[in-house]
Amino acid sequence: MPVTSRNGTQLPPYDYSYVFEQLIDHTNPSLGTFKQRYWHTYEFYEPGGPIILFTPGEADAADYTSYLTNDTLNGRIAQALNGATVVLEHRFFGNSNPYPDLSVQSFRVHTVQQAIDDLVYFAQNVNLPMPGGDQLAPGKAPWILTGGSYGGALVSYTMSNQPDVFYAGYASSAVVQAIVDFWGYFEPIRQGMPANCSADIEAVIAHVDSVLASNDSTQINTLKSTFGLQGLGHNDDFAAALQENFLAWQDLQPDSGPGADFYAFCDALEVKNGVSAGPSGWGLDHALQAWGNYWKSTYYNQICGDDPVETCLGTYDATNPFWSYTFLGNSERSWQWLLCNEFGFYFDGAPSTQPTIASRVITPAWGERQCGYRFPGAFNSTVSSAVEVPNARGVNTVYKGWNTTTQRLIFANGINDPWREATVAADGSTNKGSDMQPHLLSDGFHCSDLLIAEGEASAKVKSVQDTAVAYMEQWLAEWQPSA
C-alpha cells in the first residue's frame, strides 16, 4: 500500500531514511557534524498540527519505522491531532555514528547529555521533507517528544534539562531513576509469574546460594553438573547464568500466548506427568532437577548453540576478543558504555530481607569488572580491578529521576514491566503525578502502551492509550506560537 497524505499526495515509503547534519560534540561545535539518520512521514499532517518526534534509544532505528504509523501510539496521536511523525536514530547506534568505530576514544561524545542535545538541535534546525518543512521549528509548531524504556527516560531528561523546546512528552516504561544495584528488575517478574514457579525458583536459588557459600568443591561441581554447567570455572558466572531464564519475561506482552519462552520455562518446572503443581510448587528436589534438565535438554542450546560453556557464559577471560569488538553497529557495546558510565542497572540478587529469584552471589561488582574489560583505561583502573561505580547519583541529580516536576509530560507504565522499579511507578518513588504530569498504569509489560495491538489485547492498556490521546488533545488546544 503506498503512503499518501490527506490530500492524496503519494509519499515516500515509511522505511525511506533521511540524514541530518548533527553536531559531533555540542560543547565544541568546531569539531563539525556527522550524519544522523531519521525517518519521517506527514500522511496525517495538516497545517498547525504537531511534530511528533520518537527516540528509539539503544537500537538500530531502521527497525522502528512502524513508529511513524498508527500501529503505534505516535501515529495514533498524529492521526488524532493532524500531526507529522519522525523517528530519530540515537548517536552510536545503527548508522548514526560520529566516528568510524566504537572505541573508548570515540565514546567521549557518547553521553546522555549529548543525546539530549541531539534531540534539541534536531528539532531546532531540521528542514523536514514536507511542505513548509523549514517553518516548523519549536515555537512555530508544537513538538511532542516520545519514547520508551531508555528512550522514555530521554523524554523526561530532555524536557527537564531544556524545558522550552518540546511542548509535550510521552514517556513509556521510562527508566528515569538510574540505579546501580538493580535487584528490582526481578521483582515484577517474581510478583507476576505463576506462584508455583516463583516458589520453586526461590527454593532453588536459596539452595544454590547455600551450596556456593559452603566452598565445598564436590557439592559445587555436583550442583553445576545438574545444569550441565560443570565447565564454568567461576561460581558467580554460574549464578549469573541462572538469571538468563528470567530475561524472557521482558519479551512478554498482553497478547503473548501460553507458549511464550518464559511460560515454557515455568512449565518445565511445574508440569509433572501432565499435572501442574499447586501454588506452593513441587518443592526443591523436583524443581532443581527439572530446572537442570531444562538447561540440558533445551535451554543451553537455545542461548549458546555449539559454543563451549566458558565461551558462552564465562566472563573472566579479559583477553577474549568479544570484549573489544569496536565495529560500528555493535549496539550492545554502545549500550554497555552508557550503563558502565551513567546508569549502572546491574541485575543482581535482592537484599537478604527480601525474597529473591536471582542469586545473591551476584553483586554490582560482577558487572563493573566487565566494564573494565570492555573499555580498558576508561575508568582509571587496571583491567583486573573493579571500576568506579557509574555516576547514577549524578544522573538522578541533574535530570531529576523520579522527582521530575516537568509539566505536560505523560508517564505510562505496566505493572508487569521488569523495569518498573526504575520508573515513576516504582515502590520507591514518592512522585504520584498530577493532572499536568499524568502517571498512567496498566496491566501491561515493557512499553506495551506504545503498541496499538496491545491495547486490543488489554482493556487497561487501551485505557492508557485513550487517556494519553485525550491529554494531548487538551494540551494542543492550548498551544500558542512563540516564534
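In the block above lies the structure referred to throughout.
Conventions adopted
- Residues numbered from 1 in each chain as written.
- Predicted model: local features only at pLDDT ≥ 70, side-chain atom pairs only at ≥ 80, totals over all residues.
- Heavy atoms only, no water.
- Helix = DSSP H or I, 4+ residues; strand = E, 2+ residues; numbered from the N terminus.
- Expected span 1.5 Å × (residues − 1).
- Buried < 20%, exposed > 50% of the residue type's maximum accessible area, 1.4 Å probe, protein only.
- Disulfide = S-S within 2.5 Å.
- Axes fitted to C-alpha atoms, helices over the stretch in contact; angles between N-to-C directions.
- Parallel < 35°, antiparallel > 145°, perpendicular 65-115°, else oblique.
- Contact = heavy atoms within 4.5 Å.
- Nonpolar A, V, L, I, M, F, W, Y, C, P; charged D, E, K, R; others polar.
- Pairing = 2+ DSSP bridges.
- Phe/Tyr/Trp six-rings, centres within 6.5 Å; stacked < 30°, edge-to-face > 60°.
- Lys NZ or Arg CZ within 6 Å of the ring centre and 35° of its normal.
- Patch = residues over 30% accessible without salt bridge, like charges linked within 9 Å, V, L, I, M, F, W, Y side chains within 5 Å.
- Areas by Shrake-Rupley, 256 points an atom, 1.4 Å probe, with all protein chains shown as cover.
- Salt bridge = Lys/Arg side-chain N within 4 Å of Asp/Glu carboxyl O.

(A) Local environment of helix α2 (residues 112-125). Here α2 is 14 residues long and its end C-alpha atoms lie 20 Å apart, about the 20 Å a rise of 1.5 Å per residue gives. A large share of α2 lies buried, amounting to 10 of its 14 residues. Burial in α2 covers these residues: Val 112, Gln 114, Ala 115, Ile 116, Asp 117, Asp 118, Leu 119, Val 120, Phe 122 and Ala 123.

(B) Inspection of the state of the cysteines at higher detail. Tallying each qualifying case throughout the model produces 3 disulfides. Two residues, Cys 304 and Cys 312, share a disulfide whose sulfurs are 2.0 Å apart. Residues Cys 304 and Cys 312 are joined by a disulfide whose S-S torsion is about -75°; by sign, that bridge is left-handed. Look at Cys 304 and you get buried, because its relative accessible area is 6%. For Cys 312, a relative accessible area of 24% corresponds to the partly exposed category. Linked covalently through their sulfurs, Cys 340 and Cys 371 form a disulfide whose S-S length is 1.9 Å. Between Cys 340 and Cys 371 the disulfide shows an S-S torsion of about -85°. By sign, it is left-handed. Highlighted residues: Cys 340 in helix α11 (residues 331-343) and Cys 371 in helix α12 (residues 364-374), separated in sequence by 31 residues. In this structure Cys 371 comes out as buried when scored by relative accessible area, which is 1%.

(C) Region of the structure containing the packing of helix α6 (residues 217-226) against helix α9 (residues 284-304). In the contact formed by α6 and α9, the axes pass within 8 Å of each other and the chain directions differ by 60°. Taken together, α6 and α9 sit at an angle that is classed as oblique. The segment α6 lies against α9, with Leu 223, Ser 225 and Thr 226 engaging Leu 288, Gln 289, Gly 292, Asn 293 and Lys 296. Residue composition of the contact of α6 with α9, grouped by class: 2 nonpolar, 5 polar and 1 charged.

(D) Highlighting the sheet that holds strand β6 (residues 84-88). Spatially, 8 strands are ordered β3-β4-β6-β5-β7-β8-β11-β12 in an open sheet, and the strand pairing comes out mixed. At either end of the open sheet lies a strand with only one pairing partner, and these are β3 (17-23) and β12 (439-442). Sheet twist, expressed as the average angle between the axes of neighbouring strands with direction ignored, equals 25°. Against the sheet, helix α3 (residues 150-161) touches β5 (51-55), β7 (143-148), β8 (168-172) and β11 (409-414), its axis set at about 145° to β7.

(E) Examining the packing of aromatic side chains more closely. The final tally for this structure, using the stated rule, is 46 aromatic pairs. Between Tyr 150 and Trp 335, the aromatic rings sit 5.4 Å apart at their centres with planes inclined by 45°, giving tilted as the arrangement. Here the residue Tyr 150 occupies a position in helix α3, and Trp 335 occupies one in helix α11, the gap between them amounting to 185 residues. Assigned by exposure class, Tyr 150 and Trp 335 land together as buried. Here the aromatic rings of Tyr 185 and Phe 347 are separated by 3.9 Å at their centres, their planes lie at 15°, and the arrangement is stacked. With Tyr 185 in the loop between β8 and α4 (187-192) and Phe 347 in the loop between α11 and α12, this residue pair connects regions lying 162 residues apart in the sequence. In this structure Tyr 185 comes out as buried when scored by relative accessible area, which is 1%. Judged by relative accessible area, Phe 347 falls into the partly exposed class, the value being 21%. Between the NZ or CZ atom of Arg 369 and the centre of the ring of Tyr 316, over which it lies, the distance is 3.6 Å.

(F) Structural view of a nonpolar patch on the surface. Taken together, the side chains of Phe 322, Tyr 325 and Phe 327 make up a nonpolar region of the molecular surface, amounting to roughly 300 Å² of accessible area. Note that Tyr 325 resides in the loop between α10 (309-313) and α11. When its relative accessible area of 37% is taken as the criterion, Tyr 325 is described as partly exposed.

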